[in-house]
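Residues per chain are reported as follows:
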Amino acid sequence: MVRATPEYLAARTSMMSLRAQALEQSMMASQTYYAPPQQPQQPVAANQINAKDIKPEAFTKPYLEFMTENPTVFHAVGYFKEKLDKAGYKELHSRDSWSGQIKPGGKYYTTRNGSSIIAWAVGKAYKPGNGLAMVAGHIDALTARLKPISTKPSHDGYVQLGIAQYAGALNSTWWDRDLSIGGRVIVKDPETGKTSTKVVKLDWPIARIPTLAPHFGIGMTGHNNQETEMTPIIGLDNSDLNSSSTASSEKPIGPKGSFVSTQPPKLVKLIASQLKLEDYTNILNWELELYDSQPAQVGGIDKEFIFAGRIDDKLCSWAAFMALLHARDDEDSGVIKLVALFDDEEIGSLLRQGARGNFLPIVIERTVEALVANTNTLYQNAFIGGTGLGPGLMGQTYANSFLVSSDVTHAAHPNFTQTNLTDHSPRLNVGVALCVDASAHMTTDSVSMAILDRVAELSGCVNQRHMIRNDSRSGGTVGPMLSSAMGVKAADVGIPQLSMHSIRATTGSLDPGLGVKFYKGFLDEWEKVDKEWRA
C-alpha cells in the first residue's frame, strides 16, 4: 500500500543497527528523544520540540519496558497515571464537581473503572467553542480471565484453574506458553472497614495449557474444545495416592460462602502474600487473568523487530499517550489536546468503560462547562448562543474538533502474500497507515486523509495506506462509534503489526517511535491545518 517509491522507502527506513541507536534515557527528562541541533545552543524544553525532530529509535526501549511491566489494563492505566502525575497533570474524579477546577493552560486526566483513561491539555488561548484534537484507542487485549469460581477438581495429580476466554483468546497460539497471572484485587481494610482495589501480578509463569503429543493423532490447531481441552495446569497434588478419597488435600480457605473459599487455596495464599495481606478473607473479589510472561524484546538481524504479547493494542495507545506528554505547549494554542484510551474494544465496547459508553462525551462536556464558567465574565458577549453550556456551544465545539481513531492494523505478510492488497498493505518501520474501508467500518474519507497527509508533511512523517481485499473481512475500531456520537470529523490510523490476535505478535522496532512522532504531529499541527481549510 506504500505510495512512496522503493528508493524513498529504503532511505526512510535505513536501518542502522539498533545496538548503536538504542538510547536508555528516561521518558520525560532526556533531550535524546529529539534530533540534536546543528549549532550549539541552550537546551530546549521537551514540550517545545517539533515532531519532525523526534528520534523514533529513542522510544524502543521505553516501549519494551512498558509492555513487560504492564500486562493488564489495570496495570496500563496505573502506568499512565504515574506518568501524567509526573508531567504535572491533575486528576479529576468523576464524583467531584469540576467547576472552578479547569482553566486554560491546565492539564488534567480522569479514569473510569480503573481500566479506561482520558487525559487532556487545555490551550492557553482557549475560548469557548474552540475544538479538540483527539486521539482515541483501546488498551484491552485478548486474554483468559479466571472464572468467578476458579477452583476445579484435580485430575491425575494436576491442579487446574477455571478460566474463560475474553474476546478471541484461547486460540491455538495459547498452547504451551509460559503464563502468569495478574489483574486487580478488591480488598477490605480490617482497621477502617474501607474497600479499595489493588493491582497485582506474578513475575514468573505459574500456568500452562499443555498440548497433546502428536503420537495420539489429535490435532492441536483445529477446533479444540476450549472448556475441556484448554484448561491450564497450575500445580501438582498427588495426595489422593495415599487416601481413599479423590479429593484434594488442600482445604478451602475462609468460611463457607466467602469469595476466597471458591478459589484455589494456594493461589489465594500467593496473591495475599503479594499484597502483604495476613487475613485471606480481606480479599473480597478479584479480576485476574492469564498473560504471556515472556518479556517484550527486539529481534531480527539488526534488531529491527519487536516481539511481544498484547501489541493489539498497547502499541498505538502507548504511542498516543507519549505524544500527549511530549506535545508542544504553545502560548497561542487555542484547542484542547486529548487522548482517550478505552477498555472492552475487543468485545464490542458496550460497557460503560467502553467507547460506546458516554465516557468521552461527558468528559468533554464537563470540561467545556467548567471552562465556560471560568471564562464567562470575559466571553459572555463574545460567542453566539448565550453564555451557558448547551447544544449550541457543544455543537460548535464538536464541529471544530477532529478525532484520530487509533488502532493497530495488518502489515503486509511475507508468507501469505495472497492476503495483501497491492499498494494498500503497509510495511514495518515506515510510518503509520491511514486505514480506509469502503463499507465505512473505518471513518477515513478523502477530507480526513488530506488533513492527516498535511499533518504528516509538517511533521516529517510518511503516511502509508491500508485497505483490505474485496475477498477479506474488515475489522472494526472505536472510530465510527465515537465520530457518530459526537458528530466530529475523523480518520482511522494504525501502526502495522504481524500476527494480530496471536498471544505473541510482531511490529517494527521503530514503529512505537514513529507512532509518537505522528500523533505528536497531529496534536501540535492540527490547529494550523484546520485554519488552512478556513482560508
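The rules we used
Note on numbering: residues in each chain are counted from 1, in written sequence order. Totals for whole chains, interfaces and linings use every residue, but because this is a predicted model, local features are given only for residues with pLDDT of at least 70 and side-chain atom pairs only at 80 or more, for both listing and counting. As a rule here, side-chain values cover all heavy atoms of the structure and leave hydrogens and water aside. Helix and strand definitions here come from DSSP, where helices need a minimum of 4 consecutive H or I residues and strands a minimum of 2 consecutive E residues; each element is numbered from the N-terminal end. Think of it in three bands: residues with accessible area under 20% of the maximum for their type are buried, residues over 50% are exposed, and the middle band is partly exposed, with areas taken using a 1.4 Å probe on protein chains only. Residue contacts are counted whenever heavy atoms from the two residues lie within 4.5 Å of one another. Using a 1.4 Å probe, accessible areas were evaluated by the Shrake-Rupley method; residue-level cover was limited to the displayed protein chains. Strands pair, by our definition, only if DSSP identifies at least two bridges between them. To get an axis, a line is fitted to the C-alpha atoms, and for a helix only the part in contact is used. The angle between two axes follows their N-to-C directions and goes from 0 to 180 degrees. Each residue after the first adds 1.5 Å to the expected span of a helix. For this analysis, a polar contact is any N or O atom pair within 3.5 Å, provided that within protein one partner can donate a hydrogen and the other can accept it, and provided that sequence-adjacent residues contribute only side-chain to side-chain pairs. Directions drawn from the helix axis to the C-beta atoms are what define this arc. If an angle is under 35 degrees, it is roughly parallel; if it is over 145, roughly antiparallel; if it lies from 65 to 115, roughly perpendicular; otherwise it is oblique. A clockwise turn of the near helix away from the far one marks a right-handed crossing, whereas an anticlockwise turn of less than a right angle marks a left-handed crossing. Polarity classes work like this: nonpolar for Ala, Val, Leu, Ile, Met, Phe, Trp, Tyr, Cys and Pro, charged for Asp, Glu, Lys and Arg, and polar for all others, with Gly in that last group. Like-charged residues are merged into a patch within 9 Å and nonpolar side chains (Val, Leu, Ile, Met, Phe, Trp, Tyr) within 5 Å, provided each residue has over 30% relative accessible area and no salt bridge. One speaks of a salt bridge when a side-chain nitrogen belonging to Lys or Arg is within 4 Å of a carboxyl oxygen belonging to Asp or Glu.

1. A look at the overall build of the protein chain
Summing up its helical and strand segments, the protein chain has 12 helices and 20 strands in all. In the protein chain, which comprises 535 residues, the proportion classed as buried is 52%. Within the protein chain, residue pairs in contact and separated by at least 24 positions form 77% of the contacts whose partners lie at least 6 positions apart. In the structure as shown, the protein chain presents an accessible area of about 24,100 Å², 51% of it carried by carbon and sulfur atoms.

2. Structural notes on unusual backbone geometry
The amide bond that connects D312 to the next residue, D313, takes the cis arrangement and shows omega of -10 degrees. Here D313 lies in helix 6 (residues 311-314). One non-glycine residue, N113, lies in positive phi territory at about 65 degrees. Note on placement: N113 falls in the loop between strand 2 (107-112) and strand 3 (116-122). Despite not being glycine, N429 has its phi angle at roughly 60 degrees, a positive value.

3. Things to note about the sheet that holds strand 11 (residues 297-299)
Spatial strand order, 11-12-20: three strands in an open sheet with antiparallel pairing. Because the sheet does not close on itself, it has two edges, and the strands there are strand 11 and strand 20 (505-508). Taking each pair of neighbouring strands and ignoring which way they run, the sheet shows an average axis angle of 35 degrees. As defined by bridge partners, strand 11 adjoins strand 12 (residues 305-308) across three bridges and the pair is classed as antiparallel. Note on strand 12: the bridge partner recorded for G299 is F305. Packing of helix 3 (residues 60-69) onto the sheet brings it into contact with strand 11 and strand 12, and relative to strand 12 it is tilted by some 10 degrees.

4. Notes on the sheet that holds strand 10 (residues 283-292)
Taken together, six strands build an open sheet; the order of strands is 8-7-10-5-6-9 and the sheet is antiparallel. The sheet is open, and its two edges are formed by strand 8 (195-201) and strand 9 (233-236), each paired on a single side. Taken pair by pair, the neighbouring strands of this sheet meet at an average axis angle of 25 degrees, ignoring direction. Taken together, the two bridges between strand 5 (residues 143-151) and strand 10 define a ladder with antiparallel strand orientation. Residue pairing across strands places A144 opposite L290, the latter belonging to strand 10. Across the face of the sheet, helix 4 (residues 73-86) comes into contact with strand 7 (179-188), strand 8 and strand 10 while running at roughly 100 degrees to strand 8. The strands touched by helix 5 (residues 265-274) are strand 5, strand 6 (158-166), strand 7, strand 8, strand 9 and strand 10; relative to strand 10, the strand with the most contacts, the crossing angle is about 95 degrees.

5. Quick look at the pairing of strand 2
Alignment of strand 1 (residues 90-91) against strand 2, held across two bridges, turns out to be parallel. Within strand 2, the position partnered with E91 by the bridge is Y109. Taking the residues between adjacent antiparallel strands as the criterion, strand 2 and strand 3 are bridged by three residues, where N113 takes a positive phi near 65 degrees.

6. With respect to helix 10 (residues 446-459)
Taking 1.5 Å per residue as the helical rise, helix 10 with its 14 residues ought to reach 20 Å, and the 20 Å between its terminal C-alpha atoms agrees with that figure. Capping the start of helix 10 is the job of one residue whose side-chain oxygen sits 3.2 Å from the backbone nitrogen of V447: D445. A positive phi of about 70 degrees marks G460, the residue just after helix 10.

7. Section: helix 5
Where helix 5 is concerned, the buried positions are P265, L267, V268, I271 and A272. For helix 5, the angular spread of buried residues about the axis comes to 160 degrees, placing them on one side. Looking at the packing, one finds that the buried side of helix 5 touches strand 5, strand 6, strand 7, strand 8 and strand 10. At the exit of helix 5 stands K276, carrying a positive phi of roughly 60 degrees.

8. Observations regarding the packing of helix 10 against helix 12 (residues 511-532)
For the pair helix 10 and helix 12, the least separation of the axes is 8 Å and the interaxial angle reads 115 degrees. With respect to helix 12, the element helix 10 is oriented roughly perpendicular. In terms of crossing hand, the pair formed by helix 10 and helix 12 is right-handed. On helix 12, the residues that touch I451, L452, R454, V455, L458 and S459 of helix 10 are K517, F518, G521, F522, E525, W526, K528, V529 and E532. Looking at the contact of helix 10 with helix 12, its residues break down into eight nonpolar, two polar and five charged.

9. Notes on a nonpolar patch on the surface
Together, L212, F216 and I218 give the surface a local cluster of nonpolar side chains, amounting to about 290 Å² of exposed area. Inspection of the secondary structure puts I218 in the loop between strand 8 and strand 9.

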